[in-house]
Amino acid sequence: MTRLSPRTALRRTGSGLAAAGLLAAGSLALGAPAQAADPVLTLGGPAATALHPFPEDGSPRSSSLTLTVDDPAQDGSGYEGEVTYTVDLGGIAGIADVSVAEDTGADCRITGATAVCRDQGVHPGSVADFDLTAAEGSAEGATGTVTVTGAADGVTFTPFSTEVTVGGPDLVMKRLPFEQTLEPGDVQPAPITFANEGTTAADGVLLTLVYSRGLEIPERYANCEYSDGAGQRPPGGFAWSTALCSVEGAYEPGAVYTLAVPLSVEATERAYLDTFVYRIAEDSASQRSAQRAGAPFTRGTGPELALKKVTASARGADLDPRDNQQEADFRTENTADFVATGGRRTGSVGETVTAEVGFRNEGPAWIGHLRSGEPVAAVDFTVPEGAEVTGKPASCKGVTATGAYREQQLGAPRYVCDTAMAVRDGAETGLPFALRITEVVPDATGAVTVRNTRLAAPGLPFDPEPANNTAQLVLNPAKASGDTGGTSHGTTGTSGSTGGDTPGSTSGTSGSPGASSTSGSTGSHLSAGPASAPTGGGLASTGSVALTASVAAAMALVAGGVLYVTTRRRVGRG
């Protein structure tokens, strides 16, 4: 029996971005895969789970324990048969009381000191969720072990064990009073401040700072590592910069700490809509490894970042990781010039030419809708007379000449193509269309317009030069001089009309920080097959205020049990 709740849905959406390494939420303790002929799946979960001590008055506070499964082979095959997970709770008898979370993914039953969870199919991600509270009479510092094993026909599972401890540190990040309406060049101090509201000291802390393309931290501290996101290609087509700062010391319960010298957050010339995430956790090698997530980091060469105690009052897992993080959104008064691109093509009757239309962002700002995940813009393409579309990018929807819904996607007179949720400054988007020449019409002209996704309000609010938002695609031009898009003969047959229905507007420049959309047909394939039916004439909805799935993981790295599932939530199940 599989259930899906809002909490489960959030965890599942978080998996893609955390796996891309934007901000891994916590360490996972995973056993090494066994050598076996059967597929080997690895069970895992948090390295440790801390419990609030049993209160003198009132009900005990619960902590989450999420168990996961991973496929080290990463072949994506999964397993579709019946599977059973057995959780041995005997090691925490008298230490913790356990119940099945309401939104757990599997059908779980607890009998005595054993929990048995049954499910259909196995795909990398979480497999079961439990709520744990300190048992009445349990002593602070008491520790026990939970062990989970798995069984399925033709599959080998490596077992997993995690420690459960009563008490621990509880690091709470304080929200900073940032000015959130900025201009390029504005620099604000960020006096990062946190408290330990737990029962034991934190043995060293790890400060994690994640910021989008328009922001910068000018300082480069010697005890911090920095990554500009090069090589990362998370969903949405952009990358985050990350700073990981390790600060040694014992951070006592009941005390508040702040930076000895505030660091700076600068709105660069690229800034427009940006986000700054700041997080505190107890430092450890596994925590640092999880936050790096394989991205390249460079150590700073400046002075060390230091903390000082503001008020006074054994290492362990954080009692409530959900309050370890804060984030701030900034809007910078800036512009981005989107320039439509067209071109010229020639062909004879019966020939198929590939014509690329699109736009480029001449900056200075990058544009990204991080919160809503909506497309930044739309490319509106009118097909020239005497041509029929036989292949199109997946991001493009065929509509009628007036922009209304059209069921048949190929052969439409007009196409509306949503861009990605982020467009990097300097990026160029190319959308290749396969056009079969049905009649040679000299100077047949089709319009290419980059506009707002709402046809009723086509202007781009950030673009100061609307005159260059429209270009032309000319077929069989009478004169080839002045051709800026290149004049070329097409090929016979259905050139360019094979391959997957892959969006042409989301291919990024490999290895470029903040890559969003790039020029040309790299990663852009045409589809000659049927496409999914558009809604509303293929225009994007613009009313959503919900977090996009990919960014939700970076923005909402709520911890405890939820924290760990953001890294390994199953993605293959509905």
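Residues numbered from 1 in each chain as written. Predicted model: local features only at pLDDT ≥ 70, side-chain atom pairs only at ≥ 80, totals over all residues. Heavy atoms only, no water.

A.B. asks: Lay out the sheet that holds strand E17 (residues 215–216) with the relevant residues and their values.
C.D. replies: Pairing within the open sheet is antiparallel, and its 3 strands lie in the order E14-E21-E17. Because the sheet does not close on itself, it has two edges, and the strands there are strand E14 (187–190) and E17. For E17 and strand E21 (residues 263–267), the ladder comprises 2 bridges, and the chain directions are antiparallel. Looking at E21, one finds that Leu215 is bridged to Ala267. (Pairing = 2+ DSSP bridges. Helix = DSSP H or I, 4+ residues; strand = E, 2+ residues; numbered from the N terminus.)

A.B. asks: How would you explain the packing of aromatic side chains if you had to name every residue and give the values?
C.D. replies: Taken as a whole and judged by the stated rule, the model has 13 aromatic pairs. Arranged with centres 5.7 Å apart and planes meeting at 25 degrees, the rings of Phe194 and Tyr257 form a pair that is stacked. Linking Phe194 in strand E15 (residues 193–196) with Tyr257 in strand E20 (residues 256–259), this pair joins segments that are 63 residues apart in sequence. Judged by relative accessible area, Phe194 falls into the buried class, the value being 0%. Residue classification places Tyr257 among the buried positions, given a relative accessible area of 4%. Feature note: the residues Phe178, Phe276, Tyr278 and Phe330 constitute an aromatic cluster, connected by ring pairs. For Arg220, the ring lying beneath its charged end belongs to Tyr226, and the centroid distance is 4.2 Å. (Phe/Tyr/Trp six-rings, centres within 6.5 Å; stacked < 30°, edge-to-face > 60°. Buried < 20%, exposed > 50% of the residue type's maximum accessible area, 1.4 Å probe, protein only. Lys NZ or Arg CZ within 6 Å of the ring centre and 35° of its normal.)

A.B. asks: Account for the environment of Ala306, naming residues and giving values.
C.D. replies: By the secondary structure assignment, Ala306 is in the loop between strand E23 (298–299) and strand E24 (307–311). Taking relative accessible area as the criterion, Ala306 reaches 35% and is therefore assigned partly exposed. Spatially, the C-alpha atoms of Ala306 and Tyr221 are 9.5 Å apart, while their sequence positions differ by 85 residues. Residues contacting Ala306, with those up to four places away along its chain left out, are Thr258, Leu259 and Ala260. (Contact = heavy atoms within 4.5 Å.)

A.B. asks: Quick one: what's the story with the pairing of strand E31 (residues 387–391), residue by residue and with numbers?
C.D. replies: Burial within E31 is extensive, with 4 of its 5 residues counted as buried. In terms of strand pairing, E31 meets strand E35 (residues 428–437) through 4 bridges, oriented antiparallel. Paired with Gly391 across the bridge in E35 is Ala434.

A.B. asks: Got a sec to walk through a negative patch on the surface? Specific residues and values, please.
C.D. replies: Taken together, the side chains of Glu179, Glu183, Asp186 and Glu333 make up a negatively charged region of the molecular surface. The residue Glu179 is located in the loop between strand E12 (171–173) and strand E13 (181–182) in this model. (Patch = residues over 30% accessible without salt bridge, like charges linked within 9 Å, V, L, I, M, F, W, Y side chains within 5 Å. Areas by Shrake-Rupley, 256 points an atom, 1.4 Å probe, with all protein chains shown as cover. Salt bridge = Lys/Arg side-chain N within 4 Å of Asp/Glu carboxyl O. Lys, Arg positive; Asp, Glu negative; His and termini not counted. Charge placed at Lys NZ, Arg CZ, Asp CG, Glu CD.)

A.B. asks: Tell me about the state of the cysteines, and please be specific about residues and values.
C.D. replies: A complete count under the given rule lists 3 disulfides for this structure. Residue pairing for Cys108: its cysteine sulfur links by disulfide to Cys117, the two sulfurs lying 2.1 Å apart. Its S-S torsion of about 115 degrees marks the bond between Cys108 and Cys117 as right-handed, since a negative value means left-handed. Considered together, Cys108 and Cys117 belong to a single accessibility category, that of buried residues. The side chain of Cys224 participates in a disulfide bridge whose partner is Cys245; the two sulfur atoms lie 2.0 Å from each other. Residues Cys224 and Cys245 share a disulfide whose torsion about the S-S bond is about 110 degrees; that sign makes it right-handed. Taken together, the residues span a long stretch of sequence, with Cys224 in strand E18 (residues 224–227) and Cys245 in strand E19 (residues 241–251) at a distance of 21 residues. (Disulfide = S-S within 2.5 Å.)

A.B. asks: A description of the side chain of Thr341 should follow, citing residues and the corresponding values.
C.D. replies: In this structure, Thr341 sits in strand E26 (residues 336–341). For Thr341, the side chain forms a polar contact with the main-chain nitrogen of Phe359, separated by 3.4 Å. Each residue touching Thr341, except ones within four places of it in the same chain, is listed here: Val357, Gly358, Phe359, Arg360, Glu428, Val448 and Ala471. (Polar contact = N/O pair within 3.5 Å; in protein donor to acceptor, adjacent residues only side chain to side chain.)

A.B. asks: An account of the sheet that holds strand E16 (residues 202–211) is needed here, citing residue identities and associated values.
C.D. replies: Spatially, 7 strands are ordered E13-E25-E22-E16-E19-E18-E23 in an open sheet, and the strand pairing comes out mixed. Every other strand in the sheet has two partners, leaving E13 and E23 as the edge strands with one partner each. Pairing between E16 and E19: 9 bridges, direction antiparallel. Along E19, the bridge assignment pairs Ala202 with Tyr251.

A.B. asks: Can you break down the pattern of salt bridges residue by residue, with the values?
C.D. replies: Pairing between side chains becomes possible if they bear opposite charge and their charged atoms approach one another. Summed over all chains, the structure comprises 11 salt bridges. Between Asp425 and Arg213 there is a salt bridge, with the nearest N and O atoms lying 2.5 Å from each other. There is no split in this pair, since Asp425 and Arg213 are both buried. Between Asp329 and Arg371 there is a salt bridge; the shortest N-O distance is 2.9 Å. On the criterion of sequence distance, the pair formed by Asp329 in strand E25 (residues 325–332) and Arg371 in the loop between strand E29 (367–368) and strand E30 (378–382) is long-range, its members being 42 residues apart.

Everything listed here is a matter of coordinates, which is why it stays silent on function.
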